[in-house]
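Given next are the chains, with one letter for each unit.
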Amino acid sequence: MILTPELAAKFARIALGHVAHAYPHKADHVSNSAADTASHTELHPVFFGSFDWHSCVHGWWLLFRLRAAYPDLAGSIDPLAATTFTAEKLAVELAYLDRPNSGGFERPYGWAWLLALHGAAAGTEWGPRLDPLARAFAARFAAFLPKATYPIRTGSHANTAFASVLAHDWAAVHDPALAGQITARVTGWYGGDRDAQAWEPDGDAFLSPVLCEALAMSRVLPGTEFTAWFDAFLPRAPAREPAALFTPAVPSDRSDGKIAHLDGLNFSRAWCWREIAAKLSPAHPLYTVAESTAGAHIAASIDHVAGDYAGEHWLATFAFLALTSPSL
């Protein structure tokens, strides 16, 4: 399964429908006094839509990626980008990071997506305008990583492996020193892991802790070293074990925002399987298993990218990842 022009246009319509949609909204905000009552649209004049800040960021990432892949979509994307990514509005987003008690704001998920957005906007007129914000979040990563003694293995936003993948992809191009920090921390966190049991999914997971870890290691280890690590980490994967990793999740209520995460899990697993297999030799016994598994996961959720705002405000991003990852 791959991205088609028709599906790309659908994804663009979905994202354009929510990145500037202010309500409902879930804030990640610490009030420092009783007088601290500014609305989220004032605090975040760029990323105020899509239900929450990070979803708005990666909604814009999706739009820039679609624009690059299908230039004819620029006519629908550029007018909104022009009124959104102004110097004045981006300055407000940057100033928010200097507020007291803002150090944990969107760490690490939103940080990583902001870097990814900056990378996706490269080559457009809005890329340079995002530079200061990207550098600010890169500095936050650089300060945080030495303190992050332990990884966070949850299936949702705090997952350090997922954030490391996006941040390393950006840093490899824009900040070699940060890329080196991420490489050292990822190998320190996960390098000794063996025979993962994959007790997943959690009921509100949209990420696979096991597969995100493997994907992060694939980013920082050379091919043969990664293969050796992977074979020890998931030694029974060619036999489709642990079975949980090969079985699509089934959301019971897609109007429930947390349960709807499981559609995202299906897409992110497909993305991981395709990316991981692409790092292995075509002769590896997992190679074709990974593609069929990815296809089954995509098929389980592709019809549910739109329909209820609980998933609609973010799922197309992960569907795009799954559909544009290497097809074996």
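To be clear, the structure that these remarks concern was listed above.
Cut-off values and rules
Residues numbered from 1 in each chain as written. Predicted model: local features only at pLDDT ≥ 70, side-chain atom pairs only at ≥ 80, totals over all residues. Heavy atoms only, no water. Helix = DSSP H or I, 4+ residues; strand = E, 2+ residues; numbered from the N terminus. Rg over C-alpha atoms; globule rule 2.2 N^0.38 Å. Contact = heavy atoms within 4.5 Å. Areas by Shrake-Rupley, 256 points an atom, 1.4 Å probe, with all protein chains shown as cover. Phe/Tyr/Trp six-rings, centres within 6.5 Å; stacked < 30°, edge-to-face > 60°. Axes fitted to C-alpha atoms, helices over the stretch in contact; angles between N-to-C directions. Parallel < 35°, antiparallel > 145°, perpendicular 65-115°, else oblique. Left-handed = near helix turned anticlockwise from the far one by under 90°. 1 Å grid on protein atoms, 1.4 Å probe; cavity = no way out; pocket = protein on both sides within 12 Å on 5 of 7 lines; lining within 4 Å. Points joined across faces, edges and corners; volume = space filled by probe spheres on them. Nonpolar A, V, L, I, M, F, W, Y, C, P; charged D, E, K, R; others polar. Polar contact = N/O pair within 3.5 Å; in protein donor to acceptor, adjacent residues only side chain to side chain. Salt bridge = Lys/Arg side-chain N within 4 Å of Asp/Glu carboxyl O. Buried < 20%, exposed > 50% of the residue type's maximum accessible area, 1.4 Å probe, protein only.

Asks: An account of the overall build of the protein chain is requested, with residue identities and associated values reported.
Replies: Along its length, the protein chain carries 15 helices and zero strands. Relative to its length of 328 residues, the protein chain is compact, with a C-alpha radius of gyration of 19 Å against a globular reference of 20 Å. Seen along its three principal axes, the alpha-carbon backbone of the protein chain occupies a region of about 55 × 45 × 40 Å. Taking contacts inside the protein chain between residues at least 6 apart in sequence as the whole, the part at least 24 apart equals 78%. Summed over all atoms, the accessible surface of the protein chain reaches about 12800 Å², with 57% contributed by carbon and sulfur.

Asks: Go over the packing of aromatic side chains, please, and point to the residues and values.
Replies: This structure, assessed with the given rule, holds 29 aromatic pairs. Among the aromatic residues, ring-to-ring pairing joins Phe47, Trp53, Trp60, Phe64, Phe85, Tyr96, Phe105, Trp111, Trp126, Phe137, Phe141 and Phe144 into one connected group.

Asks: Report on the packing of helix H7 (residues 127-144) against helix H8 (residues 160-174), specifying residues and quantitative values.
Replies: At a minimum axis distance of 12 Å, the contact between H7 and H8 shows a crossing angle of 120 degrees. The pairing of H7 with H8 is recorded here as oblique in orientation. The element H7 and its partner H8 pack so that their crossing is left-handed. Contact residues: Ala134, Arg135, Ala138 and Phe141 in H7; Ala163, Ala167, Trp170 and His174 in H8.

Asks: Please provide a residue-by-residue account of the environment of Ala244, values included.
Replies: If you trace the backbone, Ala244 turns up in the loop between helix H11 (223-233) and helix H12 (261-279). Measuring from C-alpha to C-alpha, the distance between Ala244 and Pro201 comes to 7.5 Å, with 43 residues separating the pair along the chain. Ignoring any residue separated from it by four or fewer positions in sequence, one finds Ala244 in contact with Ala198, Glu200 and Arg269.

Asks: Residues and numbers for empty space enclosed by the protein, please.
Replies: Using the criterion set out here, one finds one cavity of 30 Å³ or more in the structure. By volume, the largest cavity is sized at about 30 Å³. Surrounding the largest cavity, Pro108, Phe141, Phe144, Leu145, Thr160, Ala163, Ser164 and Trp189 form its lining. Secondary structure elements with two or more residues in the lining of the largest cavity: H7 and H8. The leading source of residues in the lining of the largest cavity is H8, at three residues. Of the residues that constitute the lining of the largest cavity, the class distribution is six nonpolar, two polar and no charged.

Asks: Account for the layout of surface pockets, naming residues and giving values.
Replies: There is about 490 Å³ of room inside the largest pocket. Around the largest pocket sit 31 residues that line it, and Lys26, Phe51, Asp52, His54 and His157 are the ones nearest its centre. Elements with a minimum of two residues in the lining of the largest pocket: helix H2 (40-43), helix H3 (53-69) and helix H14 (309-312). Looking at the lining of the largest pocket element by element, the count peaks at four residues for H3. Of the residues in the lining of the largest pocket, the class split is 13 nonpolar, 12 polar and six charged. Here the second largest pocket defines a volume of roughly 300 Å³. Around the second largest pocket, the lining is made up of 17 residues, and of these Trp61, Arg65, Ala116, Leu166 and Asp169 lie nearest the centre. Taken together, the elements giving at least two residues each to the lining of the second largest pocket come down to H3, helix H6 (109-121), H8, H12 and helix H15 (315-324).

Asks: Run through the side chain of Glu200, naming residues and quoting values.
Replies: Here Glu200 lies in the loop between helix H9 (176-190) and helix H10 (209-220). At a separation of 3.1 Å, a polar atom in the side chain of Glu200 contacts the side chain of Arg269.

Asks: I'd love a proper account of the pattern of salt bridges, names of residues and values included.
Replies: Evaluation of the coordinates by the stated rule reveals 12 salt bridges. The partner of Asp78 in a salt bridge is Arg67, and the shortest N-O contact between them spans 2.6 Å. With Asp78 in helix H4 (residues 74-84) and Arg67 in helix H3, this residue pair connects regions lying 11 residues apart in the sequence. Here Glu275 and Arg219 are joined by a salt bridge, their closest N and O atoms 3.4 Å apart. Taken as a pair, Glu275 in helix H12 and Arg219 in helix H10 lie far apart in primary sequence, 56 residues in all. Judged by its relative accessible area of 17%, Glu275 falls in the buried class. Through salt bridges that share partners, Arg153, Asp193 and Glu213 make up one connected network.

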